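Secondary and tertiary structure notes
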Amino acid sequence: MTTPSLNSSVARAFSRHRYNLLDLVLLGAAVATFFLADLYLALATAVLIMIVFALSLDIAQGYGGIETLGHAAFFGTGAYAAGLYAMHVSPEPISGLFVGMAAAAVVGLLSGLAVLRTAGLTQIMLTLVCATLLLELANVAKPLTMGDDGLTGYSVAPVLGLFQFDIEGRTAYWYALAVLVLVYAFCKFLVSSPLGLTAQGVRENPTRMALLGVPVRRRLLTLYAISAALGGAAGALSAQVNNIVGLDSLGFTMSANVLVMLALGGTGRLYGAFLGAIVFMLLADRAAALDPTNWLAALGVLLIVVVRFAPTGLSGCLARWTSREGTQ
Amino acid sequence: MTSTLATFLSLAVDGIAYGMMLFLISVGLTITLGVMRVVNLTHSAFAMIGGYIALWFIQRAGVHFFLAVPLAVVVTMAIGAVLERTLYRWVYGTHGLGQLLMTIGLTFIITAIVKNLAGTQLQSLPLPSSLQGNFSVGPLTLSVYRAFLIGASAAVALALWLGIERTAFGARLRAAVDNQRMARCVGINVPAVFSATFAIGCGLAALGGALGSPMLPLEPYYGLKYLVIVLIVVAVGGLGSLRGSLYAALLLGLIDTLGRYYLPALGAFVIYLAVLAILLVRPRGLVAN
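All values reported here derive from a predicted model rather than from experimental measurement. (Residues numbered from 1 in each chain as written. Chains lettered and ligands numbered in written order. Predicted model: local features only at pLDDT ≥ 70, side-chain atom pairs only at ≥ 80, totals over all residues.)

Ile51, Val52, Ala54, Leu55, Ala233 and Ala277 of chain A together with Ile232 of chain B are the most contacted members of the largest nonpolar core, which has 197 residues in total. Those residues in contact with Leu55 of chain A that sit more than four places away from it in its chain are Val183, Tyr184, Cys187, Leu230, Leu270 and Ala273 of chain A. (Core = buried A, V, L, I, M, F, W, Y, C linked by C-beta atoms within 7 Å. Buried ≥ 20, exposed ≤ 12 C-beta atoms within 10 Å, placed from the backbone. Contact = placed C-beta atoms within 7 Å.)

What follows is the structure, encoded as structure tokens:
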């Protein structure tokens, strides 16, 4: 009686591990964008970077149930670490990427020790305080970070010693896409790994998972550090591609924007990060160019509508729609 | 020696005045959070609305300062009550993320509306002549406005405490917070109590926004800019604790003012470091329920 349903739920958990047609379509779209985007290649690169960032938030928030309003802490840390590494140590981009990830992971571990002791509003507040603390630190350490002016004046060497970053941003696009593909493959692996499945159990019911013998806080801390490292990768990418790191990379707006993207796309599904980041970034680019004030109002209305009518986000709506098509 | 002491004392008074203003702005959020458990990121936007309405009454309608501020409080309370009955209803049952997003969205909308109506420049309420100038107590020179702010906030704190502890409405509110179902069973109209409480919270924010505008000037991004400090006061004080908010606001006001004077190189860093330290030692805030 229970065996088929158990099998099907196990099968469902594992089927998420497989790649399907949608992944191929997304990859095809990314490649096509390179040839079609032309003047908008910089925007397309920014979208790719934000997808990486939204994926990292999805790991912490969507899968781990860690409520955060300070995810920019990791983006900014990764960005500053990669920028400073390029300036003072080596212009090599791939090692710079790892330096950014490592720095963000350290911040994630340290702040996680505090953040994960709490839940609910206090947790949100602590993440916000951690991010604001880093922002003020970057602001105070002007000799190192150049404060409001932004960290500039570093150059990034060719990727793998072969592909020079060009003015049209072609290399930047391929580089960001390659990182995104790797991050996505890793996330796909992570969410159906024992750690990812345990984290989802903790998200649903921490007490029960603790009773089952799961070291809840240690698992969440690992997940949080991984999420931080991925956020750091997004920041490092942004630093290497744009050749500037501003204080806004640590700011509240950055944290809020990525949260909005993820909510728009749908949390707890990796596709949500893709959909949300693409829709948000394209809308923001078009609307902000036309009328920044009313764009803010429209974004507000959009958020309220999503919360009220589509709490699972765009990807949730799509999933419901496709499953209904399938049963008919 | 005496001048160092005098500097310290006048800084301390400034810090207390700043802290009392923070208390005024954030106490409404403490109440609504404690009562309704809604993460209301729109709270500081209500303070901004209050400030702008008071400004409009003074500049356009020629109303006196001491009448304009209460009027602004009443109008903001009405706006808050309407929003509570419509938008906030939707998110009572949802999870924290939904509340977070809905209230951020509302803040965005309010910011855009204010930007369209009032422009982007920094503004503050013109103080009446009775609140301008200084007076001296011994070697100290104090500003009348700051003394007024401290007095007004203290009066509000006292009134709130009396209102919650000593009135029938306060008793109903406490009953509704402690046990909603039981409160309904004994005939308390819980939704009405919540609406009234939410409106009072918005009114308090408006009072803080209007009276505090010489310190925190009004601008369209006020709601986002001062959100962090308001949330911090509430979190440090302990969710839903009036006494905690008062302590936290005073402590943060003093730390911020003294820190900026004695450690100018560190700037606002000091306050966040202090907050992190406090929350690490007491994750549930200074006065945990």
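Let us now look at the interface of chain B and chain A. Residue-level contacts link 40 residues of chain B with 35 residues of chain A. Every element with two or more residues in the side of chain B that touches chain A is listed here: α3 (65–91), α4 (96–118), α10 (227–237) and α12 (269–281) of chain B. The biggest single contributor to the side of chain B that touches chain A is α4 of chain B, with 15 residues. When grouped by side-chain class, the residues that make up the side of chain B that touches chain A number 31 nonpolar, seven polar and two charged. (Helix = DSSP H or I, 4+ residues; strand = E, 2+ residues; numbered from the N terminus. Nonpolar A, V, L, I, M, F, W, Y, C, P; charged D, E, K, R; others polar.)

Right, let's get into the confidence of the model for chain B. Residues and elements named next belong to chain B. The predicted model of chain B averages 85 in pLDDT, with 99% of residues at 70 or higher. Within chain B, the element-level pLDDT minimum falls on strand β1 (residues 134–137), averaging 78, and the maximum on helix α2 (residues 43–59), averaging 91. In the predicted assembly, ipTM is 0.79 and pTM is 0.84. (pLDDT = per-residue confidence, 0-100.)

For the rest of this paragraph, the subject is unusual backbone geometry. Residues and elements named next belong to chain A. In the Ramachandran plot, Asn243 falls in the positive-phi region, its phi being about 60° despite a non-glycine side chain. Position of Asn243 among the secondary structure elements: in the loop between α11 (216–242) and α12 (252–265). Under the C-beta neighbour-count criterion, Asn243 is labelled partly exposed, with 17 such atoms within 10 Å.

On to the pairing of β1 of chain B, then. All names here are of chain B. Two elements, β1 and strand β2 (residues 140–143), share four bridges in a ladder whose sense is antiparallel. Looking across to β2, one finds that Phe135 is bridged to Leu142. The loop that links β1 with its antiparallel partner β2 comprises two residues; one of these, Gly138, has a positive phi angle of about 60°. (Pairing = 2+ DSSP bridges.)

Turning to the environment of Tyr92 of chain B, a few remarks are in order. All names here are of chain B. Inspection of the secondary structure puts Tyr92 in the loop between α3 and α4. When the 14 C-beta atoms within 10 Å are taken as the criterion, Tyr92 is described as partly exposed. As a C-alpha pair, Tyr92 and Val39 span 53 residues in sequence and 9.8 Å in three-dimensional space.

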